[in-house]
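# A closer look at the structure
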Amino acid sequence: LSPWPAVQGETVTCEVITERPARLTAVYKGGEVPFVQEGLRSWALLPVHAMQEPGIYLVELRAYPASEQGDSQPIGRLSANLYVVAGTFETYDIVIPPSSEKAGLLNAELIRAEWRRLAGIFSQRTPEKLWSGTFRYPLEASVRRVTSAFGERRSYNGGPASSYHEGLDFGAPEGTPVYAPAAGRIALAEPLTVRGRAVVIDHGLGVYSGFWHLSEILVSAGQSVKPGDLIGRVGNTGLSTGSHLHWEVRVNVTAVNPVQWTQSEMPAVSAGSPEARTFSTLTEAYPLAVGKQWVYRVETVQRVEGWWWRASALVTETVTSVTEQKGAQFVALQREGAQGMALPLLDSPSELVLMDGRLMSVPAGYAGEALLASDELQAQSLRFIWPMQVGDRWGQAGPDRMTWEVRSSGVSETPAGRFSGCYQLAGSGMGEVQWVTFCAGVGEVLRERYLLHNAYRERWELTAWAPAAGQ
Ligand SMILES: [Zn+2]
């Protein structure tokens, strides 16, 4: 599963490599997601809802014989943990004066009817992948000013903040050209009541882009588009309080963060490959201004001492100065904090490793008999409460059950970085007392030696990562 952990609103690639061709499905949040089969590699996109409760979600994979269709029995099952962490979303109250003619657009029946129409489109799955590579922004860089980020919590006229912003808003003058971010087929091109003049592009496999509040529509339903094709012009039609473009991306009906689609190729590259080192922005600091916060993720998979390690950190930085020299902007950033996790990747449904000492003391060639691979642990791992305190206990007593007690917490050096919030747990049940060290919490996953090639987000590049000891 990548990215790992996933932030609310992100699209997760679930990748499975099989030994022989198989047809796969994933059960995720009660729904069945089909996979795309490319030889022995199969993948599926799992959307994380912007308001999905942070925690661990089970993804249950089922493999069926490749040749048979219909209701054959699964030939293999596997489950994986999808970690979801909270995003940083602001809350805004949108005031629409009751006297304004737009207030009539808040009519609940109208909103529902329009949504039913769109949901009918978004729930269709064109069997081919029509897009390739990363998405482009629908506006030219010179007019690309984000006025409202994805996921912002919203209340209307002082009501509860129970809704969120399903796309990205760009403030731009009426008439600004809007371009297709990726290839696809036009699924809708007509005026709507709440969303104004609207265009929806079907990118295939249940992935859609929506463009609302246009002044002009320049495509028609059924037409194919290439990335960069002119599809319409920015406007202020529908429930809108100023000229802007609203762009949203949907995966299996769920609205996901479009910024991720402009930064990462979907599906994500294979987790075992060196290109799996990723760097992505979660909260925009653009346009650059002193005091703006920027949240990004770095993720890497490394082989150290015979083990594959996966490390990921969510880093928050504040812009402390912006200077211009020779047409390029130079930015100083102050690090506010880093939330990191490092865990060994194991051929097991569980990512906890039993051992006598700390993570670093895993002996080379450790065979893995002590892996907690039982279904019971899957259930228990859902009951973790962070941060844990020394003396905390969980689990249930019984013949095949484990109970766990936190014996100590502190700092641990791992091949992937230095972490605080590492817990040593003692488990009992299922035989003798066993130990586990689990790292989560604040950590330094990478060294601070990364370079800015220039100040434009698209060109940020990491040139150095955590030292891969033993490599
Ligand atoms: Zn919007």
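Here's what I pulled together on the structure shown here.

The rules behind these values
Counting restarts for each chain, with residues numbered from 1 along the sequence as it is written. Whole-chain, interface and lining totals are the exception, using all residues; otherwise, since this is a predicted model, local features are given only for residues with pLDDT of at least 70 and side-chain atom pairs are given and counted only at 80 or more. Excluding hydrogens and water, the side-chain values take into account all heavy atoms of the structure. By the criteria applied, helices consist of DSSP H or I runs no shorter than four residues and strands consist of E runs no shorter than two, each listed in order from the N terminus. Working definition: with a 1.4 Å probe on protein chains only, accessible area under 20% of the residue-type maximum means buried, over 50% means exposed, and in between means partly exposed. Under the convention used here, a 1.4 Å probe and the Shrake-Rupley method define accessible areas, while residue burial counts only the protein chains that appear. When a carboxyl oxygen of Asp or Glu is within 4 Å of a side-chain nitrogen of Lys or Arg, the pair counts as a salt bridge. The positive count covers Lys and Arg only, the negative count covers Asp and Glu only, and His and the chain ends enter neither. We define a polar contact as two N or O atoms separated by no more than 3.5 Å, with the added condition that, inside protein, one atom must be a possible hydrogen donor and the other a possible acceptor, whereas residues neighbouring each other in sequence contribute only through side-chain atom pairs. Any two residues whose heavy atoms approach within 4.5 Å are treated as being in contact. Grouping buried Ala, Val, Leu, Ile, Met, Phe, Trp, Tyr and Cys residues that are joined through side-chain atoms within 4.5 Å yields what is termed a nonpolar core. Reported domain spans reflect what an automatic or database domain assignment gives. Pairing of aromatic rings covers Phe, Tyr and Trp, the last through its six-membered ring, and needs centres within 6.5 Å; plane angles under 30 degrees mean stacked, over 60 mean edge-to-face, and all others mean tilted. The criterion for a charge sitting over a ring is simple: Lys NZ or Arg CZ within 6 Å of the ring centre, and within 35 degrees of the ring normal. Following DSSP output, two strands are said to pair if at least two bridges run between them. Every axis corresponds to a line fitted to the C-alpha atoms, with the helix fit spanning only the stretch in contact, and the corresponding angles, defined between N-to-C directions, vary from 0 to 180 degrees. Ligating atoms shown are N, O and S within 2.8 Å of the metal, or 3.2 Å for Na, K and Ca, and water is not included, meaning a site may look less than complete. Geometry assignment treats four donors as tetrahedral when all angles are between 85 and 135 degrees, treats four as square planar and six as octahedral when opposite donors are over 155 degrees apart and all others between 65 and 115, and treats everything else as irregular.

Here we take up the overall build of the chain. Along the chain, the regular secondary structure elements total 3 helices and 30 strands. Relative to its full complement of 471 residues, the chain shows a buried share of 49%. Element-wise, carbon and sulfur atoms account for 51% of the exposed surface of the chain, whose accessible area totals about 21500 Å².

Moving on, we get to the pattern of salt bridges. Enumeration over the complete set of coordinates arrives at 11 salt bridges. Across the pair E15 and R41 runs a salt bridge whose closest N-O atoms are separated by 2.7 Å. Here E15 is found in strand β2 (residues 11-17), whereas its partner R41 is found in strand β6 (residues 41-47), with 26 residues between them in sequence. E190 is the salt-bridge partner of R117, the closest N and O atoms lying 2.5 Å from each other.

Another aspect to go through is the side chain of D202. Relative to the elements of secondary structure, D202 occurs in strand β16 (residues 197-204). Despite its burial, D202 remains without a salt bridge, the nearest opposite charge being carried by R185 at 5.1 Å. Among the polar contacts listed, one links the side chain of D202 to the side chain of T126, at a separation of 2.4 Å. Beyond its immediate stretch of four places on either side in the chain, D202 contacts T126, L130, G184, R185, A187, V207 and Y208.

The nonpolar side chains of a soluble globular protein tend to be buried, and buried together. Core analysis: the largest hydrophobic core is formed by 32 residues, its most contacted members being W131, F211, I231 and W261. Contributing elements (two or more residues each) for this core: β6, β13 (168-171), β16, β17 (207-217), β19 (230-234), β20 (244-251) and α2 (258-263). In terms of residue count, β20 provides more of this core than any other element does, 4 residues in total. Three or more residues apiece are contributed to this core by two domains, here domain 1 (6-85) and domain 2 (91-263). Apart from the residues within four sequence positions on either side, W261 is in contact with T11, L45, W131, T134, F135, V207, V249, V251, V256 and M266. C14, L46, V59 and A63 belong to the second largest nonpolar core, which has 19 residues in total.

Tallied over the entire structure, the rule returns 7 aromatic pairs. For the pair W115 and F122, a centre-to-centre distance of 6.1 Å together with 45° between the ring planes defines the contact as tilted. Chaining the aromatic ring pairs together yields one cluster made of W115, F122 and Y208. Positioned above the aromatic ring of W131 is the side chain of K129, whose terminal nitrogen or guanidinium carbon lies 5.1 Å from the ring centre.

The next point concerns the pairing of strand β7 (residues 55-65). Bridging between strand β3 (residues 22-28) and β7 involves 7 bridges; their strand directions are antiparallel. Paired with L24 across the two strands is A63, which belongs to β7. Sheet analysis places β7 next to strand β8 (residues 76-85), joined by 9 bridges and oriented antiparallel. Each bridged residue has a counterpart across the sheet, and for A63 the counterpart in β8 is G76.

Here 3 strands make up an open sheet; going across it, the order is β2-β6-β5 and the pairing antiparallel. The two strands at the open ends of the sheet, each matched to only one other strand, are β2 and β5 (36-38). Neighbouring strand axes in the sheet, compared pairwise and without regard to direction, differ in orientation by 25° on average. Here β5 pairs with β6 via 3 bridges, running antiparallel. Within the sheet, the bridge partner assigned to E38 lies in β6 and is R41.

As a further point, take the sheet that holds β3. Strand order in this open sheet of 5 strands is β1-β8-β7-β3-β4, and the pairing throughout is mixed. Looking at which strands have only one partner, the edges of the open sheet turn out to be β1 (6-7) and β4 (31-34).

Quick look at the coordination of the zinc ion now. In this structure, H165 (NE2), D169 (OD), D169 (OD) and H246 (ND1) serve as the protein donors to the zinc ion, at separations of 2.0 to 2.8 Å. Given 4 donor atoms and angles of 51 to 154° at the metal, the environment of the zinc ion is assigned as irregular. Look at where the donors of the zinc ion fall in the sequence and you get H-x3-D-x76-H. Placement of D169 in strand β13 and of H246 in strand β20 is noted, with a sequence separation of 77 residues between them. Across the pair, H246 and D169 agree in class, each one buried.

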